[in-house]
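Here is what each chain is made of, one letter per residue.
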Amino acid sequence: MIWNSAGALAGLAATWLTGYFLIRRLLGLPGWGGVALGWLLGSGLTSLAVFFIYLCGGTLLPWLPVVQGVLLAAVLVLHHRGCVGVESAEAVLKPARTWRPGAILMILLLAFLLGAAGIKAITTPALRFDEVHNWGFKSLSTAVHGRPFQGEWPFMLFPNLMPFLTASFLVYQGDPRETIAHMIPFLFLVAAAGALYAGAQRLSGKAWWGLPMTILLLFGAPELMVQSDRFCADLPLTALHLASVVAGLIWLTGGPAAAAALSGVFAGLGAWTKTEGILLAAGVGLGLLLAAMLRPKEERRPWLHAALLWMAGFALVAGPWSLYLKFRGVDMQSSGHLSGEFNPERWGRLFVHIRTVLLRHFRIPLLAFFLFLALGFRRRTRAVYVFLLVTLVLGWVHLWLPILLMPGDAFGGWIAFMKSGMTRYVLHIAPVMLLSLAAVARADRLKGLDALFRRLNGGRVPGNVRAPD
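Note that the coordinates shown come from a computational prediction; the quantities given were computed from them, not determined experimentally.

1. Structural notes on the overall build of the protein chain
Moving on, step 1. A count of helices and strands for the protein chain gives 20 helices and zero strands.
Moving on, step 2. For the protein chain, the proportion of its 469 residues judged to be buried stands at 59%.
Moving on, step 3. If you sum the accessible surface of the protein chain, you get close to 18,700 Å²; carbon and sulfur atoms cover 68% of it.

Shown next, in the form of structure tokens:
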């Protein structure tokens, strides 16, 4: 299996390195955060490369290796010309370097959890209906025939980041086998954990918040681990939405304008990954715009300029796919998720089920969200507070709006779909809900928890990462 996948693993490495060096070039983001966002950006670029090879009339072999090689070479040239924003970004994002017992235990626990998930992922075949018939079929047909969906896939609105990315892995195999390709969804789990690590440090302004918050994520949202071996779009959308929020926070807390553009790119990739990502992207974009408007009048112009960069990044990624669907005459109802009717009578049952899912599977993120609402606002934190609040409000809307709009007989009926899919819908926003706890720490209203996290990291930890408000 490994020898059969040697070329595929090399292609995967090219995907990750392309994104990693581009993140380093634009943000100077070090450590685990750079690795995480690098995978997400690289995977999006590879998926877009597959799509554009198809639009140009080519086949994946021999064009995909050429395109990936050119992308990686171009990024390496840019990287070695110097990193934009390295001095400012690394100064505030440099993680704590300590090998005290508490930090070592947390690192070992994270390694165990992620290692166990990785082993389970690459030894588990796809079994669920939507994995085999939606994502698996698209990936295999794209890899084997060299063109997406053999040109015949009827549900064109189904998202395509995962099958395109998986196809870019399978096409390098002598004999396409999907089992080892399960490391792709697993890497989205790693990326989500790394993005939360960097985001918690940046938002709290304290290096010792990274490791404990990452552990809370894995224990507070166990659905992340469940999805880490499945060819579904929910885990990638979760990681991309979180990355969009983290990049937005980097911009809001004094980072380079490139962070705003990258936030838009990640939001666009999320919208391209799953239809529901459009609402999540709207929350991030609107939140950043309102946060920029809160700046003093004399500072407002450059912040609005950065907001335009966000929209440009979003349009650059989400636009081509939307135009393709329009030119092919595919409407929003072709996915089967939406209808022309609004069904408000479903709200009562939907509310009860959302509450049940939150209390059963996402208690820690829910508690973090309530603490954020109650304690996260101060005058000097109002920009990040408004940004997170608007983002999360639109995230909550995305939980119920698709259910109220979907046809009553779709996917076995709206009740069956709600019961089987709501846990995954909540997963999309759960890491951002947990991350909002770091905004309370930024407001200096969690001194007890802050002291505990500091002690877990080994007492006095160097490298306070407070960024300007």
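Next comes the rest of the description.
2. Regarding helix H15 (residues 347-361)
Moving on, step 1. With 15 residues, H15 should cover 21 Å at 1.5 Å per step; its first-to-last C-alpha distance of 21 Å lies within 8% of that length.
Moving on, step 2. For H15, the complete set of buried residues consists of Leu350, His353, Ile354, Val357 and Leu358. Angular distribution of buried residues about the axis of H15 spans 135 degrees; they occupy a single face of the element.
Moving on, step 3. Elements in contact with the buried residues of H15: helix H16 (363-375), helix H17 (382-405) and helix H18 (414-435).

3. Re a nonpolar patch on the surface
Moving on, step 1. Side chains of Leu286, Leu289, Leu290, Met293 and Leu304 sit close together on the surface and give an oily, nonpolar patch of about 370 Å² of accessible area.
Moving on, step 2. Looking at the nonpolar patch element by element, the count peaks at four residues for helix H13 (residues 277-293).
Moving on, step 3. Take leucine 289: it is sitting in helix H13.

4. What about the pattern of salt bridges?
Moving on, step 1. Under the definition given, this model contains six salt bridges.
Moving on, step 2. Taken together, the salt bridges that share partners define one network made up of Lys206, Arg380, Asp444 and Asp450.

5. Observations regarding helix H1 (residues 6-26)
Since there are 3.6 residues in each turn of an α-helix, residues three or four apart along the chain are aligned in direction.
Moving on, step 1. With 21 residues, H1 ought to run about 30 Å at 1.5 Å a step, and its terminal C-alpha atoms sit 30 Å apart, in line with that.
Moving on, step 2. Glycine 28, located one to two residues past H1, shows a positive phi value of around 65 degrees.

6. Observations regarding the nonpolar core
Moving on, step 1. Counting 143 residues, the largest nonpolar core has Leu40, Phe188, Phe266 and Met422 as the members making the most contacts within it.
Moving on, step 2. Here phenylalanine 266 is in contact with Ile23, Leu37, Leu40, Leu41, Leu240, Ala243, Ser244 and Ala247, once residues within four sequence places are set aside.

7. Points about the side chain of serine 139
Moving on, step 1. As for its position among the elements, serine 139 is in helix H6 (residues 129-145).
Moving on, step 2. Among all residues touching serine 139, those that are not within four sequence positions of it are Met162, Pro163, Thr166, Ala167 and Leu170.

8. Observations concerning unusual backbone geometry
Moving on, step 1. Note the cis peptide between leucine 61 and proline 62, where omega equals 15 degrees.
Moving on, step 2. Tracing the sequence through the fold places proline 62 in helix H3 (residues 60-80).
Moving on, step 3. Located in the positive-phi region is aspartate 444, a residue other than glycine, with phi close to 60 degrees.
Moving on, step 4. Relative to the helices and strands, aspartate 444 resides in the loop between helix H19 (437-442) and helix H20 (447-456).
Moving on, step 5. Under the relative-accessibility criterion, aspartate 444 is labelled partly exposed at 26%.

9. A look at the environment of proline 402
Moving on, step 1. For proline 402, the location among the structural elements is in helix H17.
Moving on, step 2. Here the alpha-carbon distance between proline 402 and phenylalanine 342, two residues 60 residues apart in the chain, equals 9.6 Å.

10. Structural notes on the packing of aromatic side chains
Aromatic ring pairs are described here by two measures, namely the spacing of the ring centres and the angle between the planes.
Moving on, step 1. A complete count under the given rule lists 22 aromatic pairs for this structure.
Moving on, step 2. With centroids separated by 5.4 Å and ring planes inclined at 25 degrees, the aromatic side chains of tryptophan 321 and tyrosine 324 adopt a geometry described as stacked. Here the residue tryptophan 321 and the residue tyrosine 324 both occupy positions in helix H14 (residues 300-327), the gap between them amounting to three residues, near one helical turn.
Moving on, step 3. Given the relative accessible area of 6%, tryptophan 321 is considered buried.
Moving on, step 4. Among the aromatic residues, ring-to-ring pairing joins Phe51, Phe52, Tyr54, Phe164, Trp272, Trp321 and Tyr324 into one connected group.
Moving on, step 5. A cation over a ring is seen here: arginine 454 above tryptophan 208, with NZ or CZ 4.6 Å from the ring centre.

11. Quick look at the packing of helix H5 (residues 101-122) against helix H8 (residues 183-204)
Moving on, step 1. Between H5 and H8, the least distance of the axes is 8 Å, while the angle of their chain directions is 160 degrees. Relative to H8, the element H5 is oriented roughly antiparallel. Helix-helix and strand crossings are classified by hand; for H5 and H8 the assignment is right-handed. For the pair formed by H5 and H8, the contact residues are Leu114, Ala117, Gly118, Ala121 and Ile122 on the first element and Met183, Phe186 and Leu189 on the second.

12. Brief notes about the confidence of the model for the protein chain
Moving on, step 1. Averaged over all residues, the pLDDT of the protein chain is 86; the fraction at 70 or higher stands at 88%.
Moving on, step 2. When mean pLDDT is taken per element in the protein chain, H16 scores highest with 96 and helix H4 (residues 86-93) scores lowest with 41.
Moving on, step 3. Per-residue pLDDT stays below 50 along residues 84-96; that stretch engages in 37 contacts with residues further than four places along the chain or on separate chains.

Scoring rules and cut-offs
- Residues numbered from 1 in each chain as written.
- Predicted model: local features only at pLDDT ≥ 70, side-chain atom pairs only at ≥ 80, totals over all residues.
- Heavy atoms only, no water.
- Helix = DSSP H or I, 4+ residues; strand = E, 2+ residues; numbered from the N terminus.
- Buried < 20%, exposed > 50% of the residue type's maximum accessible area, 1.4 Å probe, protein only.
- Areas by Shrake-Rupley, 256 points an atom, 1.4 Å probe, with all protein chains shown as cover.
- Expected span 1.5 Å × (residues − 1).
- Arc of directions from axis to C-beta.
- Contact = heavy atoms within 4.5 Å.
- Patch = residues over 30% accessible without salt bridge, like charges linked within 9 Å, V, L, I, M, F, W, Y side chains within 5 Å.
- Salt bridge = Lys/Arg side-chain N within 4 Å of Asp/Glu carboxyl O.
- Core = buried A, V, L, I, M, F, W, Y, C linked by side-chain atoms within 4.5 Å.
- Phe/Tyr/Trp six-rings, centres within 6.5 Å; stacked < 30°, edge-to-face > 60°.
- Lys NZ or Arg CZ within 6 Å of the ring centre and 35° of its normal.
- Axes fitted to C-alpha atoms, helices over the stretch in contact; angles between N-to-C directions.
- Parallel < 35°, antiparallel > 145°, perpendicular 65-115°, else oblique.
- Left-handed = near helix turned anticlockwise from the far one by under 90°.
- pLDDT = per-residue confidence, 0-100.

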